[in-house]
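Structural overview for review
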Amino acid sequence: MGKYNHIPMLTGTENYHAWRTNMKYALGAEDLWCHINTGTDPLDPLNFVSIKPLPAVVTQPTDIETTAIRNWLVDDIKMKGFIHHFLSTPIRQMIPDDQELIGCHYGRKNLGTQFIIRKQLAALHMKDAPDASRYMGEHLSLRCRLLEMGTNFSKEESVFQLLTRLPQHPEWRMFKSQIEQCLHNEYSGTVITSTLNNGSSISATFQHNPMTFESCSTRICGEASRQMNEKH
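About the criteria used
Residues numbered from 1 in each chain as written. Predicted model: local features only at pLDDT ≥ 70, side-chain atom pairs only at ≥ 80, totals over all residues. Heavy atoms only, no water. Helix = DSSP H or I, 4+ residues; strand = E, 2+ residues; numbered from the N terminus. Buried < 20%, exposed > 50% of the residue type's maximum accessible area, 1.4 Å probe, protein only. Expected span 1.5 Å × (residues − 1). Contact = heavy atoms within 4.5 Å. Salt bridge = Lys/Arg side-chain N within 4 Å of Asp/Glu carboxyl O. Core = buried A, V, L, I, M, F, W, Y, C linked by side-chain atoms within 4.5 Å.

The protein appears in an unreviewed UniProt entry as DUF4219 domain-containing protein from Paxillus rubicundulus Ve08.2h10.

1. Things to note about unusual backbone geometry
Positive phi is not limited to glycine here, since Asp-31 has a value of about 60 degrees. Residue placement: Asp-31 occurs in the loop between helix H1 (16-29) and helix H2 (63-85). In this structure Asp-31 comes out as partly exposed when scored by relative accessible area, which is 49%.

2. Remarks on H1
Over its 14 residues, H1 extends 20 Å from the first C-alpha to the last, a length consistent with the 20 Å expected when each residue adds 1.5 Å. When H1 is considered as a whole, its buried residues turn out to be Tyr-16, His-17, Trp-19, Met-23, Ala-26 and Leu-27. Just past H1, the residue Asp-31 takes up positive phi, approximately 60 degrees.

3. Observations concerning the environment of Gln-161
Relative to the helices and strands, Gln-161 is located in helix H7 (residues 155-164). Classification of Gln-161 as buried rests on a relative accessible area of 11%. Sequence spacing of Gln-161 and His-139 is 22 residues, and the spatial spacing of their C-alpha atoms is 8.9 Å. Beyond its immediate sequence surroundings of up to four residues, Gln-161 is in contact with Leu-121, Tyr-135, His-139 and Phe-153.

4. A closer look at the pattern of salt bridges
Pairing is possible between side chains that carry opposite charge, provided their charged atoms lie close to one another. Considering all chains together, one arrives at nine salt bridges under this definition. A salt bridge links Glu-138 to Arg-134, with the shortest nitrogen-to-oxygen separation between them at 3.2 Å. Of this pair, Glu-138 and Arg-134 both sit in helix H6 (residues 132-148), four residues apart, roughly one helical turn. Residue Arg-134 is classed as partly exposed on the basis of its relative accessible area of 31%.

5. Things to note about the nonpolar core
Of all hydrophobic cores here, the largest spans 25 residues; its most connected members are Met-126, Leu-166, Trp-172 and Ile-220. Elements represented by at least two residues in this core include exactly helix H5 (111-123), H6, H7, helix H8 (170-186) and helix H9 (213-230).

6. Here we look at the side chain of Ser-158
Relative to the helices and strands, Ser-158 is located in helix H7. For Ser-158, a relative accessible area of 0% translates into the label buried. Sequence-distant contacts of Ser-158, defined by excluding residues within four places in its chain, comprise His-139, Arg-143, Phe-153 and Phe-213.

Here's what the structure looks like:
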């Protein structure tokens, strides 16, 4: 398929998530992802579920309605044909070109795969500032795979993983210390008081950490850029 030759054939559970990510981008570029996705946010039209149009009067569709229905059916066939093209022969024989069925069969939780991905995350290390792009990209890819599998991978754990694998150079150690101090400072408490029926009150303290994977990634990339600019 020319420009989509980089998409791997789906061969099983081990490459399902990489395959699905590529399919999402490719079908999105063809404006066909909406035939698979079940999004309900009208402000996100590319991910908003596409439903087959129906005529106002079922027995008497207008020409415009007939054209709309036909166009939808053609796009649906294109989507299914696209998926079918990237299924290995055994999978084509076992499962029809239905993304939902494929996802249920191959996208299920797989503890073995989760273990492998976590080992890959643990083995990731950022060598220096120019290596930041590779490091962040691989970390993001592995993190997304875990989340897509429904794994319990909190933002705190993802931030911890990012910071732990930074270079051991003095500049990066100082940067890491600054981030950790920010985490400590930003870890705030909010007291919520509720009045009970007998007139007394009860208070609870909730703590939250505003540092996210995305904001931590941005800071790391910014620091890497700063260090590289200083050397030029």
